[in-house]
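Residue-level structure breakdown
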Amino acid sequence: MCHGFTGSPQSVRPWAEFLADQGLTVSLPLLPGHGTRWQDMQITAWQDWYAEVDRELRALTERCGKVFVCGLSMGGALALRLAAKHGDAISGVAVVNPGNKVHDAAAPLLPVLRYLVRTTKGVVSDIAKPGAEEVGYDRVPLHAAHSLRRFFQQVDSELPGVTQPLLVMTSPQDHVVPAADSERILARVSSTDLRQTLLENSYHVATLDHDAERIFRDTFAFISRLAPEAAADPAQEGTAARGGA
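Residues numbered from 1 in each chain as written. Predicted model: local features only at pLDDT ≥ 70, side-chain atom pairs only at ≥ 80, totals over all residues. Heavy atoms only, no water.

Per an unreviewed UniProt entry, the protein chain goes by the name Esterase and belongs to Streptomyces tubercidicus.

This is the structure:
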């Protein structure tokens, strides 16, 4: 399970814990440069973030019969790249508001702008539910934003390589990643088993929002359909492996 850009495992921990409670083994890594201070993220790039989830995937394939990859926002893009690169080693993909493009009007200027301006305003806690809060950076390092843009471009070119069953859960009211990103992903992948859930009552961080329970249930139903053995004994205790804030 992959968390998002400038965020931490906290944003997807309830999702991970729900699946673990159903008897699944869950890995929830903290991406390099995240979960500490934004200055630590300034010196990381998408290759570092992807390498971390790639390592976690390889570890899971050694101990689990079937592996599914999940992610929120940029974490969704990480999950999709894992699927494109690892093929049959992954049985399915479930993503929430996956990112596909940096839409800010200044994005084309990032290659130069990042040397003139260190940070911009953060993008955490886009949540409709009162009292819910996402743990993340209040500043976005522009070096990291530039790398994110390049990563999205890389993943977009690799989407035709995604052939696994795909569940995309999309918030029509998302102030960080527009629903158009989900639509482009659905249009470009090669998967024939495609499902989409609309999260009508949630904003970007839907895993902490009003539709969180629906995300959890739909994900487990998706996994159980493709791996019936996963639902054979929900009383078994799952393992939430590694986590951050």
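What about the sheet that holds strand β7 (residues 194-198)?
Heads up, the condition is: The criterion for strand pairing is that DSSP finds at least two bridges linking the strands in question. The secondary structure listing takes helices from DSSP runs of H or I that are at least 4 residues long and strands from runs of E that are at least 2 residues long, numbered from the N terminus. Axis definition: a line fitted to C-alpha atoms, limited for helices to the stretch in contact. Angles are taken between N-to-C directions and run from 0 to 180 degrees. The contact definition used throughout considers only heavy atoms, calling two residues in contact when any of these lie within 4.5 Å.
Spatially, four strands are ordered β2-β3-β6-β7 in an open sheet, and the strand pairing comes out parallel. Strands with a single pairing partner mark the edges of an open sheet, and in this sheet they are β2 (68-72) and β7. Adjacent strand axes in the sheet meet at a mean angle of 10 degrees, parallel and antiparallel pairs treated alike. In this sheet, strand β6 (residues 166-170) lies alongside strand β3 (residues 92-96) in parallel orientation, the contact comprising four bridges. Among the inter-strand pairings, V96 is bridged to a residue of β6, identified as M169. Sitting on the sheet, helix α4 (residues 74-86) is in contact with β2, β3 and β6, with an inclination near 155 degrees to β2.

Side note on the pairing of β2
Our working rule: The cut-offs for exposure are 20% and 50% of the maximum accessible area for each residue type, with area from a 1.4 Å probe on protein chains only; residues under the lower value are buried, those over the upper are exposed, and the others partly exposed. When the strands point away from the viewer and the path from the first strand over the helix to the second turns clockwise, the crossover is right-handed.
In terms of residue burial, β2 counts as a mostly covered element, since five of its five residues are buried. Residue alternation in β2 divides its side chains into two sets, F68, C70 and L72 and V69 and G71, and both sets are buried. Judged from the five bridges that link them, β2 and β3 form a sheet pairing that is parallel. Its bridge partner lying in β3, L72 is registered against V96. In the classification by handedness, the crossover that spans β2, the intervening α4 and the parallel β3 is right-handed.

A word on the pairing of β6
For β6, a buried count of five out of five residues is recorded, marking the element as mostly surrounded by other parts of the structure. Residues L166, V168 and T170 point to one face of β6 and L167 and M169 to the other, with burial holding for every one of them. The pairing of β6 with β7 spans five bridges and is parallel. Bridge pairing links V168 to Q196 in β7. For the segment spanning β6, helix α7 (residues 179-188) and β7, crossover handedness is right-handed.

Focus: the UniProt feature "binding site: substrate" (unreviewed entry) in the protein chain
Cut-off, in case you're wondering: UniProt positions are given in the numbering used here, feature names are shortened, and annotations may be inferred rather than shown by experiment.
According to UniProt, the positions carrying the feature "binding site: substrate" (unreviewed entry) are F5 and M74. In summary, the annotated positions, though distributed over 70 residues, converge in three dimensions, the widest C-alpha pair being only 5.6 Å. As for its placement among the helices and strands, F5 is situated in the segment before α1 (13-21). Relative accessible area serves as the criterion here: at 12%, F5 is assigned to the buried category. With respect to the helices and strands, the residue M74 is situated in helix α4. Judged by its relative accessible area of 0%, M74 is buried.

Comments concerning the nonpolar core
Threshold: Working definition of a nonpolar core: buried Ala, Val, Leu, Ile, Met, Phe, Trp, Tyr and Cys residues. They are joined through side-chain atoms within 4.5 Å.
Counting 41 residues, the largest nonpolar core has W49, M74, V93 and L166 as the members making the most contacts within it. Those elements giving two or more residues to this core turn out to be α2 (38-41), α3 (46-63), α4, β3, α6 (142-158), β6 and α7. Contact partners of W49, with chain neighbours within four places excluded, come to F5, L31, P32, H34, M41, T44, M74, L78, A144, S147 and L148. Counting 30 residues, the second largest nonpolar core, distinct from the first, contains A20, V26, V96 and F220.

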